[in-house]
Amino acid sequence: MSKTYSYAAQSASDSLKPYRFERRTPGADDVQIDILYCGVCHSDLHTVRNEWHNTLYPSVPGHEIVGKVTAVGANVKNFKVGDLAGVGCMVDSCQHCASCAEGEEQYCENGFTGTYNGPVFGGENTFGGYSDSIVVKEKFVLRIPHKDNLAAVAPLLCAGITTYSPLNHWKVGPGKKVGVVGLGGLGHMAVKIAHAMGAHVVLFTTSPNKREDGLRLGADEVIVSKDAEQMATQANQLDFILNTVAAPHNLDPFLALLKRDGTMTLVGAPDSPHPSPTVFNLIFKRRSLAGSLIGGIEETQEMLDFCAKHNIVSDIEIIAMQDINQAYERMLKGDVKYRFVIDMATLKQEAAA
Ligand SMILES: [Zn+2]
Ligand SMILES: [Zn+2]
């Protein structure tokens, strides 16, 4: 066992505070990682505050982890001490159901184990990346091909794969016109990745003042979604829409922008449902409304390699571990461009003090 220093919430009404616990000694298949950076995902906040009604306490969030390998088990083949390594949203799955067999562990029929708050289906709680180290099965550890800017790589482990996977699955690429709804942590990654895939990207935002940023990030057009006239210019034109907005909203104005056979995929998880869309908007053009959850481990590696090749990282603001509670308040106000990332050196200094 090794002593681990972290920040945890002890209850839904508690702020995050220092917490010590023990990680397992690396087993034969394990990789031990010294955490350098951890991104701050909206799911962290939902979990800490028990907004999905399944939180186990104490809760140590964090599933956008980049670090350095400090020990490997005897069976580990692809990592050695000193290598960079990443950990995303999952640390285990059943490994024998149909989804696991196809490398889609995020849809594991027996429930994957989350990097934090993992054993929703039974077992011991898992503690995530707001900590100085983590021990993870090699199968769930990612190689980091980026050479620098590692803090900005961390959000790829959740925000990156959450957007890459549906763009990849629905075959976004040259000749395709793709909509991205919302310019936040997920949306800004979707714009960058869809642009790099070669698609014509149309960003939909409620804020006219995000226009310049949208264009800078790679959008070809920016449409203010509250403006019915601007929306009408896109009617029946889009092959695919990635909707990253988690707040409940009317889906019909976006469905109406899809071509015949087009699909809109939702990746935000609202805490109360979206109003049901009008069936006419689906049947008259054989349109589909779909959902997508992160991505499998193999696809996450593919995404990291793709992002390194195309020089894609997240736009981030680095924070100290001690500023996390304040960062949550700012995140709730949308006051972040576009992801907070915790510099774990600040946690280690505190632990040593
Ligand atoms: Zn996340
Ligand atoms: Zn499975």
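Position labels on residues start from 1 in each chain and follow its written sequence. Chain letters and ligand numbers both follow the written order, the letters beginning at A and the numbers at 1. Since the coordinates come from a predicted model, pLDDT governs what is reported: local features require at least 70, and pairs of side-chain atoms require 80 or more to be given and counted, while whole-chain, interface and lining totals use all residues. With hydrogens and water stripped out, all remaining heavy atoms of the structure feed into the side-chain values.

This part is about the overall build of the chain. The helix count covers DSSP runs of H or I at least four residues long, the strand count covers runs of E at least two residues long, and both are numbered beginning at the N terminus. Of regular secondary structure, the chain possesses 12 helices and 17 strands. Here the globule rule reads 2.2 Å times residues to the power 0.38, and the radius of gyration is calculated from C-alpha atoms. At 20 Å, the chain has a C-alpha radius of gyration in line with the 20 Å of a compact globule built from 353 residues. The buried share of the chain, taken over its 353 residues, is 55%. By definition, residues are in contact when any of their heavy atoms lie within 4.5 Å. Relative to all contacts within the chain whose residues are 6 or more apart in sequence, the contacts with residues 24 or more apart total 68%. For accessible areas, the Shrake-Rupley method is used with a probe of radius 1.4 Å. Any residue's cover is judged against the shown protein chains and nothing else. Total accessible area computed for the chain in this model is approximately 15,100 Å², and 52% of it derives from carbon and sulfur atoms. Each residue is placed in one exposure class: buried if its accessible area under a 1.4 Å probe, protein chains only, is under 20% of its type's maximum, exposed if it is over 50%, and partly exposed if it falls in between.

A side-chain nitrogen of Lys or Arg and a carboxyl oxygen of Asp or Glu constitute a salt bridge if their distance falls within 4 Å. The tally for this structure, following the rule as stated, stands at 19 salt bridges. Lys-177 is the salt-bridge partner of Glu-221, the closest N and O atoms lying 3.8 Å from each other. Within this pair, whereas Glu-221 is found in strand β12 (residues 221-224), its partner Lys-177 is found in strand β10 (residues 177-181), the two being separated by 44 residues in sequence. Taking relative accessible area as the criterion, Lys-177 reaches 15% and is therefore assigned buried. The closest approach of N and O atoms between Asp-239 and Lys-259, which form a salt bridge, is 3.1 Å.

In this section: the coordination of the zinc ion (ligand 1). For a metal bound by four donors in a tetrahedral arrangement, the ideal donor-metal-donor angle is 109.5 degrees, while six donors in an octahedral arrangement ideally sit at 90 or 180 degrees. Counted as donors are N, O and S atoms no farther than 2.8 Å from the metal, or 3.2 Å for Na, K and Ca; water is not among the atoms, and sites may therefore look incomplete. On the protein side, the zinc ion (ligand 1) has Cys-41 (SG), His-63 (NE2) and Cys-158 (SG) as donor atoms, found 2.0 to 2.2 Å from it. The sequence pattern describing where the donors of the zinc ion (ligand 1) fall on their chain is C-x21-H-x94-C. Of this pair, Cys-41 sits in the loop between β3 (30-40) and α1 (42-48) while Cys-158 is found in the loop between α3 (150-153) and α4 (159-169), placing the two residues 117 residues apart along the sequence. With respect to burial, Cys-41 and Cys-158 carry one shared label: buried.

Any two strands between which DSSP finds at least two bridges are classified as paired. Here 6 strands make up an open sheet; going across it, the order is β12-β11-β10-β13-β14-β15 and the pairing parallel. Each edge of the sheet is formed by a strand with only one pairing partner; in this case those strands are β12 and β15 (288-291). Pairwise comparison of adjacent strand axes, ignoring direction, gives a mean angle of 20° for this sheet. When strand β13 (residues 238-243) meets strand β14 (residues 258-266), the two strands line up parallel, connected through 5 bridges. The partner of Asn-243 across the bridge, within β14, is Leu-266. For helices, the axis comes from a line fit to the C-alpha atoms of the stretch in contact; other axes are also lines fit to C-alpha atoms, and the angle between any two N-to-C directions lies between 0 and 180 degrees. Against the sheet, α4 touches β10, β13 and β14, its axis set at about 160° to β13.

This next bit is on the environment of Cys-307. With respect to the helices and strands, Cys-307 occurs in helix α10 (residues 297-309). Remark: the alpha-carbon pair of Cys-307 and Gly-296, spanning 11 residues in sequence, is separated by 16 Å. Leave out the neighbours within four places in its chain, and Cys-307 touches His-146, Leu-156, Ile-193 and Ile-312.

This next bit is on the domain arrangement of the chain. Boundaries between domains were set according to an automatic or database domain assignment. As assigned here, the chain comprises domain 1 (2-158 + 295-352) and domain 2 (160-291). Look at where the C-alpha atoms of domain 1 and domain 2 centre, and you get two points 27 Å apart. In total, about 1,800 Å² of surface goes out of reach between domain 1 and domain 2, with carbon and sulfur atoms giving 56% of it. Looking at the side of domain 1 facing domain 2, the largest losses of area belong to Glu-299, Phe-306 and Tyr-338, adding up to 32% of the total buried there. Here the quantity called buried area is the accessible surface, traced with a 1.4 Å probe, that two parts lose on coming together, added over both.

Structurally, the position occupied by Gln-301 is in helix α10. Taking the relative accessible area as the measure of exposure, Gln-301 reaches 10% and is therefore buried. With residues up to four places along the chain from it excluded, the contact list for Gln-301 reads Leu-142, Arg-143 and Pro-145.

Further remarks concern a nonpolar patch on the surface. The patch calculation keeps residues exceeding 30% relative accessible area without a salt bridge and links them within 9 Å when they carry like charges or within 5 Å when they are nonpolar (Val, Leu, Ile, Met, Phe, Trp, Tyr). Judged by side-chain polarity, Val-279, Phe-280, Ile-283 and Phe-284 come together as a nonpolar surface patch covering roughly 480 Å² of accessible area. For Val-279, the position within the fold is in helix α9 (residues 279-283).

Take the coordination of the zinc ion (ligand 2) next. The coordination sphere of the zinc ion (ligand 2) contains the protein donors Cys-94 (SG), Cys-97 (SG), Cys-100 (SG) and Cys-108 (SG), at a distance range of 2.3 to 2.4 Å. The motif formed by the donor residues of the zinc ion (ligand 2), counted along the single chain, is C-x2-C-x2-C-x7-C. Judged by relative accessible area, Cys-100 falls into the buried class, the value being 7%.

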